[in-house]
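Chain by chain, the residues:
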Amino acid sequence: MTTSTTGATQAAEGTPTPPPPALSAKVQVPESAGYRFKRAMLGKPLVNDQLHAEKLSRPIALGVLAPDCVSSSAYGTEQMLTQLLPVFGAAGFALVMPITGVILFLLVVLTLCYRDVVSVYTRAGGSYVVARENFGVNIAQVAAVALLIDYIVTVAVQITAGTIAVSSWLQLTFNVDITGWSLWISVLMICLLCYGNLRGIREAGRSFAIPMYFYVVMIGLTVVAGLVKFALGDLPKANNLHQQNLGVLQLGHDTQTLLAFAAILGLLKAFANGGSSLTGLEAISNGVSIFRKPTGANARKAMLYMSVMLGTLVLGISILAWHAQTTPYSSGSPSVLAQIASLTWGHNWFGTAMLTIVQLATALILYTGGNTSFNGFPFLASFVAEDSFLPRQLMHRGHRLAFSNGIIILAAVSLALLVGLQGNLTRLVSLYAIGVFTGFTMAAAGLFKYHKLRNEKGRTIKLLINGSACVLSAAVVLIFATVKFTEGAWMVVVVFPIGVFALIKLNERYRREAAALAQAPASASLPTLTRNTVLVLVDSVDLAVIKALRYARSLRPVDLRAVHFMIDSKHAELLRKGWDKSVAADVPLEIIEVPDRRLRRAAVELAARTSEESDSEVTILLPRRSFHATSRLLHDRTADAIAGAVSKLPHVAAMIVPFDVAEAIEELEAARRERSRTPKSDAVGNGVGTADPRTRPIRATKKMLLECEPDNGAAPSQPGAPIPINAVRWRNRATLEGRIRSVYVGPVSGSPALEAELYDETGGITLVFLGRRTIPGIEPGARMRVEGMVGEMEGYLAMSNPSYMLLPRDGEPDEEDS
């Protein structure tokens with residue numbers, strides 16, 4: 001530690017040496033209007049230490065990850081009936097059972113496949129990670145596009161189905177029809193979910209597990225009660241529900257056999273729609289990393305439990321729909337599940353209460369299932385962007401540590417899809433299974449290759465399971481793309497290859513850019529010039545130009561001059577006269593005629609000529625005035641265009657020097673208001689506006705420290721009792737606690753030293769560890785407690801070689817929670 005020369009002189013003259021100030025806790029920089037609005041809407045920003053992976057127990061993790069999958073039982077059977085009844089009439093109720101059987105067989109095969117996935121790959125990412133590890137990053141983009149499409153459609157389908165659940169309850173309980181408002185209710189729900197996730201709703205929140213178990217219990221009770229009534233012969237038909245309601249799906253009256261083309265097409269469409277019951281099956285593999293250890297074992301059991309719940313509910317709902325003959329409505333409301341609940345529980349007060357609870361549980365799990373996409377889509381997009389196949393902006397966490405860009409994109413695209421298809425659930429489901437089952441295909445194919453290359457126990461059965469899952473999933477994709485092509489699947493068929501192609505081409509662009517930046521540029525072989533000529537391009541004499549000239553002087557060039565490209569001779573003459581009278585008159589002004597008004601060409605010629613003639617590096621400074629968003633349309637962006645053009649020349653660099661005009665306007669208006677409120681006599685008498693800048697008050701931190709100057713009776717702070725940094729006493733021992741803001745390694749008296757700035761809410765102090773370049777744990781963001789003698793370094797408070805103890809970071813989980 002050293003004492004400044006000024007302090008030593010003062011001490012010699014008998015003047016008490018003032019203590020050095022602490023580092024300022026915060027530099028008062030005005031926030032932009034955009035940031036103030038964002039903070040008002042989203043709340044206080046979260047810091048990086050509050051981002052930690054929360055590991056969940058198996059029941060909680062199951063409840064968090066399963067809603068997307070389990071909730072599909074609410075509409076899977078109904079979607080099969082929408083395709084069967086118009087073709088086969090009443091016989092379609094019976095045909096729903098064999099199709100349900102085929103879907104349950106698929107469920108078993110895919111469950112075995114994904115149990116293998118979570119055993120081998122315990123990192124979040126699902127089929128994308130499997131495909132990337134086994135087929136490479138290019139092929140993995142097929143899985144990436146499939147999952148991204150799946151997430152987008154999931155939001156639209158789940159939110160639409162949730163709104164139908166609410167509409168069904170109102171229609172069956174109060175005979176209130178809100179189907180005309182259903183689309184806008186769904187739009188509002190997506191906007192609310194987007195806003196909530198931008199504020200930082202966490203998928204790992206335990207409260208998200210409640211709707212899943214609530215739904216399973218209530219629908220399970222309904223299915224059991226309905227099957228008991230069916231066994232006793234007390235389960236009524238749904239005909240009485242349809243007598244006073246319009247919009248019931250019309251039953252077909254065709255007499256063709258099951259082998260007729262139209263009948264086969266109807267069966268395939270019903271199977272394709274029923275495949276929506278399996279959506280969300282990949283959710284556990286996509287979020288496997290949130291399980292506590294042993295991760296693979298917990299995820300496998302959760303996968304089994306989720307599939308058992310889904311299969312049981314789908315089978316039970318299909319049986320009850322078959323026997324109660326619940327017919328779907330063209331508007332979707334009341335839903336088949338709501339009709340089953342109404343028939344099962346009856347129409348008395350108890351039945352009404354149970355119907356209300358069932359529909360509440362259904363709406364909650366469907367909306368929660370939609371919210372899972374707002375967690376999965378941004379994370380997957382960040383993985384793909386990390387591999388340089390999506391724009392890197394998707395890797396950035398926002399104000400509340402969420403991947404804000406991904407959330408906004410998901411909300412925008414799902415809203416467009418929802419509005420474009422008018423919130424029709426059947427049409428939305430037509431887009432569903434292609435993306436879902438393509439992901440299943442990629443995961444199964446990747447696992448098949450993984451096991452084929454290894455000689456391991458159970459290899460044959462694993463190859464059989466994954467091979468079967470791959471073939472069956474690919475068959476579903478082909479069936480869906482064929483029979484649903486004219487009903488909307490064409491959009492996915494067209495978008496899918498375009499999306500994969502775009503991702504691969506974007507990656508090629510990133511790789512070319514990286515290769516170009518990594519190689520030695522052609523100008524690297526040119527000699528380095530030690531001289532520097534600075535040209536400041538001007539078109540007026542204002543604060544922006546003065547700021548640029550001030551910066552230009554700080555570069556200490558061998559030659560500094562201002563340059564004006566003359567397009568208008570009268571303006572140039574006025575500029576010259578104003579320049580001679582301004583504070584910039586000591587800088588020579590060169591006026592160059594540009595008769596063809598090609599400013600960029602003129603700037604390039606000037607820079608090349610100056611570099612050649614002066615044999616020096618040339619720096620061109622361009623003042624740029626920043627305006628409010630509404631004022632930007634009134635001003636051009638010439639500076640950007642000139643900077644881009646001249647930067648291509650060797651030995652030439654262009655720099656933009658921004659000046660905030662909007663802030664200058666605010667300061668000017670504030671000064672005018674202040675002058676209007678201050679009487680002229682007071683202003684003169686008190687010296688307002690004439691004070692010497694050197695007499696302005698010292699910043700608050702120094703003022704507080706001056707008041708805390710040590711005296712002979714002052715007692716040092718006790719070790720182990722941390723005090724605020726702004727309360728430390730110079731030349732006394734102190735115990736402090738705070739957070740490391742920055743770390744710097746530099747020489748002190750010729751020896752290496754590690755300098756760290758420790759801050760709390762009140763101020764900061766420099767910690768100097770002499771003879772050290774690195775210390776494990778002392779890094780930006782670390783929290784620590786230090787104890788030592790408070791001294792001075794470069795005019796600020798500092799501690800030399802203090803004793804220290806590292807503390808847990810803010811938001812860091814305890815050992816038992818990890």
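Analysis parameters
Residues numbered from 1 in each chain as written. Predicted model: local features only at pLDDT ≥ 70, side-chain atom pairs only at ≥ 80, totals over all residues. Heavy atoms only, no water. Helix = DSSP H or I, 4+ residues; strand = E, 2+ residues; numbered from the N terminus. Buried < 20%, exposed > 50% of the residue type's maximum accessible area, 1.4 Å probe, protein only. Contact = heavy atoms within 4.5 Å. Areas by Shrake-Rupley, 256 points an atom, 1.4 Å probe, with all protein chains shown as cover. Core = buried A, V, L, I, M, F, W, Y, C linked by side-chain atoms within 4.5 Å. Expected span 1.5 Å × (residues − 1). Pairing = 2+ DSSP bridges. pLDDT = per-residue confidence, 0-100. Salt bridge = Lys/Arg side-chain N within 4 Å of Asp/Glu carboxyl O. Polar contact = N/O pair within 3.5 Å; in protein donor to acceptor, adjacent residues only side chain to side chain. Axes fitted to C-alpha atoms, helices over the stretch in contact; angles between N-to-C directions. Parallel < 35°, antiparallel > 145°, perpendicular 65-115°, else oblique. Left-handed = near helix turned anticlockwise from the far one by under 90°. Nonpolar A, V, L, I, M, F, W, Y, C, P; charged D, E, K, R; others polar. Phe/Tyr/Trp six-rings, centres within 6.5 Å; stacked < 30°, edge-to-face > 60°. Lys NZ or Arg CZ within 6 Å of the ring centre and 35° of its normal. Patch = residues over 30% accessible without salt bridge, like charges linked within 9 Å, V, L, I, M, F, W, Y side chains within 5 Å. Disulfide = S-S within 2.5 Å.

Digging into the overall build of the protein chain
- On a plain count of helices and strands, the protein chain comes out with 28 helices and 11 strands.
- For the protein chain, with 818 residues in total, the buried portion stands at 47%.
- For the protein chain, the proportion of contacts with a sequence separation of at least 24, taken over those separated by at least 6, is 77%.
- Surface accessibility of the protein chain: about 40300 Å² in total, with carbon and sulfur atoms responsible for 60%.

Description of the nonpolar core
- Core analysis: the biggest nonpolar cluster contains 154 residues, and Val70, Tyr215, Ile284, Met306, Phe374 and Phe437 have the highest contact counts within it.
- A total of 18 residues in this core trace back to one element, the largest contributor, which is helix H8 (residues 137–174).
- Leave out the neighbours within four places in its chain, and Met306 touches Leu62, Ala66, Cys69, Val70, Gly280, Leu281 and Ile284.
- Core analysis: the next-biggest nonpolar cluster, separate from the first, contains 20 residues, Ile725, Trp730, Leu797 and Met799 among them.

Considering helix H7 (residues 127–135)
- Counted residue by residue, H7 has seven buried out of nine residues, so it is predominantly covered.
- For H7, the full list of buried residues reads Ser127, Tyr128, Val129, Val130, Ala131, Arg132 and Asn134.
- If you follow the buried residues of H7, they end up packed against helix H6 (91–120), H8, helix H13 (283–286), helix H16 (349–386) and helix H19 (432–452).
- Gly136 lies just past H7 and shows a positive phi near 95°.

Observations concerning helix H14 (residues 295–324)
- In this model, H14 (30 residues) spans 43 Å end to end at C-alpha, consistent with the 44 Å of a helix rising 1.5 Å per residue.
- In terms of burial, H14 is largely enclosed, as 21 of its 30 residues are buried.

Considerations on the pairing of strand E10 (residues 796–800)
- Summarising the sheet, strand E8 (residues 764–770) and E10 pair through three bridges and their orientation is parallel. Bridged to Thr766 within E10 is Ala798.
- Hairpin connection from strand E9 (residues 783–793) to E10: two residues lie between these consecutive antiparallel strands, with Glu794 at a positive phi of about 55°.

A word on the confidence of the model for the protein chain
- Here the protein chain averages 81 in pLDDT, and 82% of its residues register 70 or above.
- Between residues 1–14, whose pLDDT stays under 50, and residues either more than four places distant or in other chains, the model counts 15 contacts.
- Below pLDDT 50 for its whole length, residues 813–818 participates in three contacts with residues either more than four positions away or in separate chains.

Some points on the pattern of salt bridges
- Overall, the coordinates contain 16 salt bridges when judged by the stated rule.
- When the shortest N-O distance is used, the salt bridge between Lys505 and Glu508 registers 3.0 Å. Taken together, the residues span about one helical turn, with Lys505 and Glu508 both in helix H21 (residues 489–518) at a distance of three residues.
- Owing to a relative accessible area of 25%, Glu508 belongs among the partly exposed residues under this scheme.
- Between Arg601 and Glu605 there is a salt bridge, with the nearest N and O atoms lying 3.2 Å from each other. With Arg601 and Glu605 both in helix H24 (residues 599–614) and four residues apart, this pair spans about one turn of that helix.
- Residue classification places Arg601 among the partly exposed positions, given a relative accessible area of 44%.

Remarks on the side chain of Asn466
- Within the element layout of this structure, Asn466 appears in helix H20 (residues 459–483).
- One polar contact links the side chain of Asn466 to the main-chain carbonyl oxygen of Lys462, over a distance of 2.8 Å.
- When neighbours within four sequence positions are excluded, Asn466 is seen to be in contact with Cys113, Asp116, Ala444, Leu447, Phe448 and His451.

As for unusual backbone geometry
- For the bond from Lys293 to Pro294, the omega torsion is -5°, close enough to zero to count as cis.
- Looking at the secondary structure, you find Pro294 in the loop between H13 and H14.
- Going from Ser333 to Pro334, the amide bond is cis rather than trans, its omega being 0°.
- Here Pro334 shows up in the loop between H14 and helix H15 (336–345).

Thoughts on the packing of H7 against H19
- Contact geometry of H7 with H19 gives a least axis separation of 8 Å together with a crossing angle of 40°. Taken together, the axis directions place H7 and H19 in an arrangement best described as oblique. As H7 packs across H19, the resulting crossing turns out to be left-handed. Every residue of H19 that contacts H7 at Ser127, Val130, Ala131, Asn134 and Phe135 is listed here: Gly439, Met442, Ala443, Ala445, Gly446, Leu447, Lys449 and Tyr450.
- Class assignment of the residues belonging to the contact of H7 with H19 gives a composition of eight nonpolar, four polar and one charged.

Considerations on the packing of H14 against H15
- Look at H14 against H15: their axes get within 10 Å of each other, and the N-to-C directions meet at 75°. On the basis of the axis angle, H14 is roughly perpendicular to H15. Note on element contacts: H15 touches H14 through Val336, Leu337, Ile340 and Leu343, opposite Ile317, Leu320, Ala321 and Ala324.
- Class assignment for the residues of the contact of H14 with H15 results in eight nonpolar, no polar and no charged.

Some words on the packing of aromatic side chains
- This structure, assessed with the given rule, holds eight aromatic pairs.
- Note on Trp169 and Phe174: the rings are 5.5 Å apart at their centroids and 85° apart in plane angle, and the pair reads as edge-to-face.
- You can call Trp169 partly exposed: its relative accessible area is 23%.
- One aromatic cluster is present, built from ring pairs that chain together Tyr114, Phe437 and Phe440.
- Sitting over the face of the ring of Tyr450, Arg454 holds its NZ or CZ atom 3.7 Å from the ring centroid.

Details of the environment of Ile723
- Tracing the backbone shows Ile723 in the loop between helix H28 (700–707) and strand E6 (733–748).
- Separated by 14 residues in the primary sequence, Ile723 and Glu737 have C-alpha atoms spaced 7.5 Å apart.

A short note on the side chain of Arg561
- Along the polypeptide, Arg561 turns up in strand E2 (residues 559–566).
- Here Arg561 falls in the buried class, since its relative accessible area comes to 16%.
- Side-chain polar atoms of Arg561 contact the side chain of Glu590, separated by 2.8 Å.

Let's talk about the environment of Lys229
- The residue Lys229 is located in helix H10 (residues 210–232) in this model.
- With relative accessibility at 25%, the residue Lys229 sits in the partly exposed group.
- Lys229 sits 91 residues away from Leu320 along the chain, and the two C-alpha atoms are 10.0 Å apart.
- Those residues in contact with Lys229 that sit more than four places away from it in its chain are Asp234, Leu235, Leu343 and Thr344.

Here's the deal with the pairing of strand E3 (residues 589–593)
- By the bridge criterion, five bridges tie E2 to E3 in an arrangement that is parallel. Paired with Val563 across the bridge in E3 is Glu590.

Considerations on a nonpolar patch on the surface
- Together, Phe485, Trp490, Val493, Val494, Val495 and Ile498 line one region of the surface with nonpolar side chains, adding up to about 520 Å² of accessible area.
- Mapping Trp490 onto the fold places it in helix H21.
- Using a relative accessible area of 41% as the deciding quantity, one classes Trp490 as partly exposed.

Digging into the state of the cysteines
- Going through the model one piece at a time under the given rule, you end up with zero disulfides.
- No disulfide involves Cys113; its sulfur sits 8.7 Å from that of Cys470, the nearest cysteine.
- In this structure Cys113 comes out as buried when scored by relative accessible area, which is 0%.
- The thiol of Cys191 is not disulfide-bonded; the next cysteine sulfur, from Cys194, is found 7.1 Å away.
- On the accessibility criterion, Cys191 (38% relative accessible area) is partly exposed.

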